[in-house]
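Working through the structure, step by step
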Amino acid sequence: MGTAAFSELLGGILVLLGGLLFMQRQGEHKEAMQHSLEGQSATLPKLELTEESSKAIDKVVIVKPGKDGAPAEEIELVKAGEDAWTLKKPAEAKANASNVKSLLENLPKLTLSEAIAENKDEYERWGVSDEKALHETFYKGQENVFDVYFGENGSRGQMTRLAKHD
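Residues numbered from 1 in each chain as written. Predicted model: local features only at pLDDT ≥ 70, side-chain atom pairs only at ≥ 80, totals over all residues. Heavy atoms only, no water.

The next point concerns the overall build of the chain. Looking only at helices and strands, one finds 5 helices and 7 strands in the chain. Counted from the first residue to the last, the chain has its helices and strands arranged as α-α-α-β-β-β-β-α-α-β-β-β. Across the chain, every contact between residues at least 6 apart in sequence was considered, and the portion connecting residues at least 24 apart equals 46%. Entry remark: accessible area of the chain is about 11900 Å², with carbon and sulfur atoms responsible for 52%. (Helix = DSSP H or I, 4+ residues; strand = E, 2+ residues; numbered from the N terminus. Contact = heavy atoms within 4.5 Å. Areas by Shrake-Rupley, 256 points an atom, 1.4 Å probe, with all protein chains shown as cover.)

Here is the structure:
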């Protein structure tokens, strides 16, 4: 075998080894991404709340869980003008418009970072069950725009469950 043929064979082997190394690293990268927060967040449901959709909200229903066997308390806020809000439940009164405005302005800023559990059996543990969670529903007319349960708050952040997702 001549030196030219040997060089071509050696070059082919190097290209083959380089290709195999590249494929191995790509596989390792994909596997690492599946276990990273970035990889997990890609599989999470999307919160499709825009600034425009949050401005269109005209009713907010908040259900606070009862403590020590007490029944849950329902709070209903209804838009009563351009920047005015009225408390309809538990009693009728003028609502603090700046607090409601702040709530609605911050809705599009909500993000999900990771899935803690993907099974309903874990809802109780993380405080996002119907009985334990603070349940907030946002409406535009009769349309349910956003429905969310807020549970425990800890080192991993605010535990949250979207009503239409497990």
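The subject of this paragraph is the nonpolar core. Most often, soluble globular proteins have nonpolar side chains that are buried together. Val-60, Trp-85, Leu-104, Leu-107, Phe-138 and Phe-146 are the most contacted members of the largest nonpolar core, which totals 16 residues. Broken down by secondary-structure element, the contributors of at least two residues to this core are strand 1 (59-64), strand 2 (73-79), helix 4 (97-106) and strand 6 (143-154). Of all the elements, strand 6 adds the most residues to this core, at 3 residues. Leaving out residues up to four positions away in the same chain, Leu-107 has contacts with Leu-49, Ile-57, Phe-138 and Phe-146. (Core = buried A, V, L, I, M, F, W, Y, C linked by side-chain atoms within 4.5 Å. Buried < 20%, exposed > 50% of the residue type's maximum accessible area, 1.4 Å probe, protein only.)

Looking now at the sheet that holds strand 5 (residues 134-140). Judged by pairing direction, the sheet is antiparallel, and its 7 strands sit side by side in the order 4-3-2-1-5-6-7 without closing on themselves. Each edge of the open sheet carries a strand with a single partner, namely strand 4 (93-94) and strand 7 (157-162). Examined bridge by bridge, strand 1 and strand 2 share 6 bridges and lie antiparallel to one another. When the sheet's bridge partners are listed, Ile-62 is paired in strand 2 with Ile-75. Running over the sheet, helix 4 touches strand 1, strand 2, strand 3 (85-89) and strand 5 and is turned about 85° from strand 5. (Pairing = 2+ DSSP bridges. Axes fitted to C-alpha atoms, helices over the stretch in contact; angles between N-to-C directions.)

With that settled, consider the pairing of strand 6. As judged from the 7 bridges shared by strand 5 and strand 6, these two strands associate in the antiparallel manner. Note that in strand 6 the partner of Tyr-139 across the bridge is Asn-144. Between strand 5 and the antiparallel strand that follows it, strand 6, lie 2 residues; Gly-141 among them carries a positive phi value of about 65°. Where strand 6 meets strand 7, 5 bridges bridge the pair, whose relative direction is antiparallel.

Mapped onto the fold, Thr-137 is located in strand 5. In terms of polar contacts, Thr-137 uses its side chain to reach the side chain of His-135, at 3.3 Å. Sequence-distant contacts of Thr-137, defined by excluding residues within four places in its chain, comprise Lys-59, Val-60, Val-61, Asn-144, Phe-146 and Asp-147. (Polar contact = N/O pair within 3.5 Å; in protein donor to acceptor, adjacent residues only side chain to side chain.)

What follows is about the packing of aromatic side chains. Enumeration according to the criterion identifies 1 aromatic pair in this entry. Above the face of the Tyr-139 ring, Lys-59 is positioned so that its terminal group lies 4.9 Å from the ring centre. (Phe/Tyr/Trp six-rings, centres within 6.5 Å; stacked < 30°, edge-to-face > 60°. Lys NZ or Arg CZ within 6 Å of the ring centre and 35° of its normal.)

The topology assignment puts Val-63 in strand 1. Between the alpha carbons of Val-63 and Asp-130 there is a distance of 9.5 Å; along the sequence they are 67 residues apart. Apart from the residues lying within four places of it in its own chain, the contact partners of Val-63 are Ala-72, Glu-73, Glu-74, Ala-133, Leu-134 and His-135.

A few words on unusual backbone geometry. Cis rather than trans, the peptide bond between Lys-89 and Pro-90 has omega equal to 5°. Take Pro-90: it is sitting in the loop between strand 3 and strand 4.

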